[in-house]
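Inside the fold
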Amino acid sequence: MRIKAWSHRGGAPDRSRFPNLEDFVLTPPARLSAAIEVLADIAERRRPAADALKDWGLAHRFAGSGDRAAIASLVYDALRRRASAAWVMGEDTPRAVLIGMLRLQHGLAAPTIAGLFSGERFAPDPLTDAERRAIAEGSLTDAPAHVAGDVPDWILPSLSHLFGDALLDELRALGRRAPLDIRINTLKRDRETALAGLTHLAPEITPLAPNGLRIPLGEDGRGPALHVEPEFLDGWYEIQDEGSQLAGALSGVRPGETVVDLCAGGGGKTLAIAAMMQNRGRLIATDDDPRRLAPIHDRLRRAGAEAEIRTPRGGRARADVLGDLDGTVDRVVVDAPCTGTGTWRRNPDAKWRLRLGSLSARVADQAEVLDRALRLVRPGGRITYITCSLLREENDAAINGILARADGALTILPAGSVIADHAQGLADSVRLTEHGLQMSPALTGTDGFYVATLERRG
Ligand SMILES: C[S@@+](CC[C@H](N)C(=O)[O-])C[C@H]1O[C@@H](n2cnc3c(N)ncnc32)[C@H](O)[C@@H]1O
C-alpha cells in the first residue's frame with residue numbers, strides 16, 4: 001500500500017500556507033503501513049535498509065522528519081527481531097515480522113495491535129484470526145537459539161564459542177537499540193567543561209570510557225541531530241560508540257611517537273589518537289580506499305587535530321604510500337576491515353545480508369593489513385589490532401595467523417596488562433580471549449569490539 005494522504009483533514013497540504021507542519025504528521029497506523037512497504041522493498045530487492053528508507057522518503061516528500069524517523073525506527077526494530085518475530089507469527093512476510101516485533105520488542109498486547117491494524121484509511125488491513133492467535137499464543141520457548149537470538153544459523157557456532165552459557169543474553173543485547181555516545185575532543189575541551197556546556201543535551205558520563213558522554217534518545221530511539229549543533233561544528237566532540245573510544249584508548253599511543261593508522265577510513269580512530277598524542281609526534285593515516293578517507297580532512301580541521309593523510313592514487317597499480325616508514329613506526333593501529341558483527345545493534349539489516357563468502361573475504365583482508373603492519377613496526381614497537389566483530393575467525397584466529405607468519409618476530413602482550421595500563425574501567429567487565437579482549441553489548445554495554453596487542457621483538 002502506498003501512503004498518499006494525511007492525517008490532517010484529508011489531502012496533502014500546501015506547506016507554504018501551513019508553517020506548523022506538526023499538524024500534518026502521519027498517524028501511527030499510517031507509519032506502520034509505510035514500515036511494511038519499506039520492509040517489503042528491502043526483502044524483494046535485497047537492499048540495505050538505509051537505501052530503502054531514503055527512497056521511501058523521496059517518493060513521499062510530504063512526510064516530515066518525525067514521520068521518517070519513526071518509520072525508520074519501526075523498520076530497524078523489525079529487522080532486529082526478524083527471525084523471532086517470524087517464528088512467533090508462523091510466517092515471515094514483512095507484515096508478520098512487523099506485527100511480531102510490536103509484540104516482542106515493543107511489548108504491545110493483542111488489543112493494542114488490533115487497534116493499530118484497523119484497516120481504516122491509511123492503517124494496515126485488520127488482523128486475521130490466525131494473526132490474532134499468533135499474537136496471543138506464539139512463543140519462543142521451542143525456538144532454536146539462532147531464531148530466539150535473531151542471528152543467521154551458520155554464525156551460531158562461532159558466537160557460541162565466544163559467549164558460552166551467556167549466548168542468549170548476549171544475542172538479546174545485540175538485538176536492542178544502541179545508545180548514542182560522543183567522545184569529547186580533549187584538544188578543545190575536557191570532559192567536565194564539555195558536560196557543563198552541553199546541558200541542553202542532558203548528557204551523562206559513559207560508564208567506562210574516560211572521555212565519553214552518553215546522550216539520551218527519544219521515544220523513537222533517535223537522538224538529536226548533533227551534526228548541526230554549534231559545539232559539534234566547533235570540534236568539541238565526535239560521535240563515537242564507547243567501545244570504539246575504548247579500543248582507541250587501548251592503543252596506548254603517547255605524545256611524541258610515530259604512529260600509523262593503517263585503516264583510517266573516515267578517521268574515527270585517527271581523531272581519537274591525535275587527541276591522545278596532544279598533536280605532538282607524527283601521526284600518519286591512510287586507507288586502501290581513497291573515497292573512505294575523503295571526510296577525514298574536514299573532521300581533522302574541525303577538531304584542531306594534526307595528522308598526515310596519505311591517499312593512495314593510481315588504482316590497482318598504485319605505489320605503497322607508506323614505503324618510507326618500513327621498520328620505523330612506534331605504534332601501528334590496525335582498525336581492520338571486518339564483518340561488523342559487533343555493531344549489529346546499529347546495523348540490524350547487515351546481519352541478514354552477511355554471507356560466508358564475505359567473512360572469508362574479510363579474513364583475507366585482515367591477513368593483508370596485519371602483514372603490512374608487521375613490515376611497518378620497529379623492533380620494540382607495537383601493533384594494536386582492532387575489529388568490531390564477535391567472530392573468532394576475524395579475531396584470535398587472525399592473530400594466530402600473523403604470529404605464525406611472523407615466525408617468532410612478534411609476541412602478544414597480555415590483554416590484562418594492556419587494560420591495566422590504558423583502560424582500567426574495562427578490567428571488571430570485559431571478556432578476555434586467547435590473545436586479546438572482547439567487548440560486547442551485554443557485558444560492557446558497548447558495540448562488540450575486539451582488541452589484541454602485538455609487540456615486535458627488539
Ligand atoms: C573498520 S573500517 C575503519 C574505520 C575507521 N578506522 C574509523 O575509526 O572510523 C576498516 C577500513 O579498512 C580499509 N581497508 C580495507 N583493506 C585495506 C588494506 N589492505 N589496507 C588499508 N586499509 C584497508 C577499508 O577501506 C575501511 O575503511
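Cut-offs used in this document
- Residues numbered from 1 in each chain as written.
- Predicted model: local features only at pLDDT ≥ 70, side-chain atom pairs only at ≥ 80, totals over all residues.
- Heavy atoms only, no water.
- Helix = DSSP H or I, 4+ residues; strand = E, 2+ residues; numbered from the N terminus.
- Rg over C-alpha atoms; globule rule 2.2 N^0.38 Å.
- Buried < 20%, exposed > 50% of the residue type's maximum accessible area, 1.4 Å probe, protein only.
- Contact = heavy atoms within 4.5 Å.
- Areas by Shrake-Rupley, 256 points an atom, 1.4 Å probe, with all protein chains shown as cover.
- Lys, Arg positive; Asp, Glu negative; His and termini not counted.
- Charge placed at Lys NZ, Arg CZ, Asp CG, Glu CD.
- UniProt positions renumbered as here; feature names shortened; annotations may be inferred.
- Polar contact = N/O pair within 3.5 Å; in protein donor to acceptor, adjacent residues only side chain to side chain.
- Expected span 1.5 Å × (residues − 1).
- Phe/Tyr/Trp six-rings, centres within 6.5 Å; stacked < 30°, edge-to-face > 60°.
- Near = heavy atom within 4 Å.
- Axes fitted to C-alpha atoms, helices over the stretch in contact; angles between N-to-C directions.
- Parallel < 35°, antiparallel > 145°, perpendicular 65-115°, else oblique.
- Left-handed = near helix turned anticlockwise from the far one by under 90°.
- Nonpolar A, V, L, I, M, F, W, Y, C, P; charged D, E, K, R; others polar.
- Pairing = 2+ DSSP bridges.

- Per an unreviewed UniProt entry, the recorded name for the protein is RsmB/NOP family class I SAM-dependent RNA methyltransferase, and the organism is Methylobacterium marchantiae.

Digging into the overall build of the protein
- Helix and strand counts for the protein come out as 20 helices and 13 strands.
- The globule rule puts the C-alpha radius of gyration for 458 residues at 23 Å, and the 24 Å found for the protein is close to it.
- Counting over 458 residues, the protein shows a buried share of 53%.
- Contacts in the protein between residues far apart in sequence, at least 24 positions, make up 70% of those at least 6 positions apart.
- Total accessible area computed for the protein in this model is approximately 20000 Å², and 50% of it derives from carbon and sulfur atoms.
- Side chains of the protein give 58 positive and 61 negative charges; the mean places of these two sets differ by 3 Å.

A word on the UniProt feature "binding site: S-adenosyl-L-methionine" (unreviewed entry) in the protein
- According to UniProt, the feature "binding site: S-adenosyl-L-methionine" (unreviewed entry) maps to Asp-287 and Asp-335 in the numbering used here. Spatially, the listed residues are clustered: although they cover 49 residues, their C-alpha atoms lie within 10.2 Å of one another.
- Tracing the chain through its elements places Asp-287 in the loop between strand 6 (282–286) and helix 15 (290–293).
- Side-chain polar atoms of Asp-287 contact the backbone nitrogen of Gly-265, separated by 2.8 Å.
- Turning to its location among the elements, Asp-335 is positioned in strand 8 (residues 329–335).
- Exposure remark for Asp-335: the relative accessible area of 18% places this residue in the buried category.
- Among the polar contacts made by the side chain of Asp-335, one reaches the side chain of Lys-269 at a distance of 2.8 Å.

Re helix 3 (residues 65–80)
- With 16 residues, helix 3 extends 22 Å from end C-alpha to end C-alpha; this agrees with the ideal 22 Å at 1.5 Å per step.
- A large share of helix 3 lies buried, amounting to 13 of its 16 residues.

Things to note about the packing of aromatic side chains
- Counted under the stated rule, the structure contains two aromatic pairs.
- An angle of 55° between the planes, with centres 5.7 Å apart, marks the rings of Phe-232 and Tyr-237 as tilted. You'll find Phe-232 and Tyr-237 in the same group, each marked buried.
- Ring plane angle 75° and centroid distance 6.3 Å describe the contact between Tyr-385 and Tyr-450, whose orientation is recorded as edge-to-face.

Some details on the side chain of Asp-181
- With respect to the helices, strands and loops of the structure, Asp-181 is situated in strand 1 (residues 180–184).
- A polar contact of 2.6 Å, which involves the side chain of Asp-181, links it to the side chain of Arg-214.
- From its side chain, Asp-181 meets the backbone nitrogen of Glu-242 in a polar contact 3.0 Å long.
- Beyond its immediate chain neighbours, meaning those up to four positions away, Asp-181 contacts Thr-206, Leu-213, Arg-214, Glu-238, Ile-239, Gln-240, Asp-241, Glu-242 and Gln-245.

Here's the deal with the site of the ligand
- Inspection of the region around the ligand gives 16 residues, with Cys-263, Lys-269, Asp-287, Arg-292 and Asp-335 positioned closest.
- Residue Lys-269 places a main-chain N or O atom 3.0 Å away from an oxygen atom belonging to the ligand.
- One of the side-chain N or O atoms of Glu-368 is found 3.2 Å from a nitrogen atom in the ligand.
- Bound to the protein, the ligand loses 81% of the 610 Å² it would expose on its own.
- Taken together, the elements giving at least two residues each to the shell around the ligand come down to helix 14 (268–276) and helix 18 (356–376).

Comments concerning the packing of helix 9 (residues 156–163) against helix 10 (residues 167–174)
- Where helix 9 meets helix 10, the axes come as close as 9 Å, and the angle between the chain directions of the two elements is 110°. Between helix 9 and helix 10, the interaxial angle falls into the category roughly perpendicular. Helix 10 is crossed by helix 9, and the crossing has right-handed handedness. Residues Leu-156, Leu-159, Ser-160 and Phe-163 of helix 9 form the contact with helix 10, whose participating residues are Leu-167, Glu-170 and Leu-171.
- By residue class, the composition of the contact of helix 9 with helix 10 is five nonpolar, one polar and one charged.

Examining the environment of Ala-50
- Within the secondary structure, Ala-50 is located in helix 2 (residues 49–59).
- Residue class for Ala-50 comes out partly exposed when judged on its relative accessible area of 43%.

Here we look at the sheet that holds strand 4 (residues 237–239)
- Judged by pairing direction, the sheet is antiparallel, and its four strands sit side by side in the order 2-3-1-4 without closing on themselves. Of all the strands in the sheet, the pair left with one neighbour each is strand 2 (204–205) and strand 4.
- Here two bridges tie strand 2 to strand 3 (residues 212–215), and the two strands are oriented antiparallel to one another. Bridge pairing in strand 3 places Ile-205 opposite Leu-213.
- Along the sheet, helix 13 (residues 242–250) makes contact with strand 1 and strand 3, crossing strand 1 at roughly 35°.

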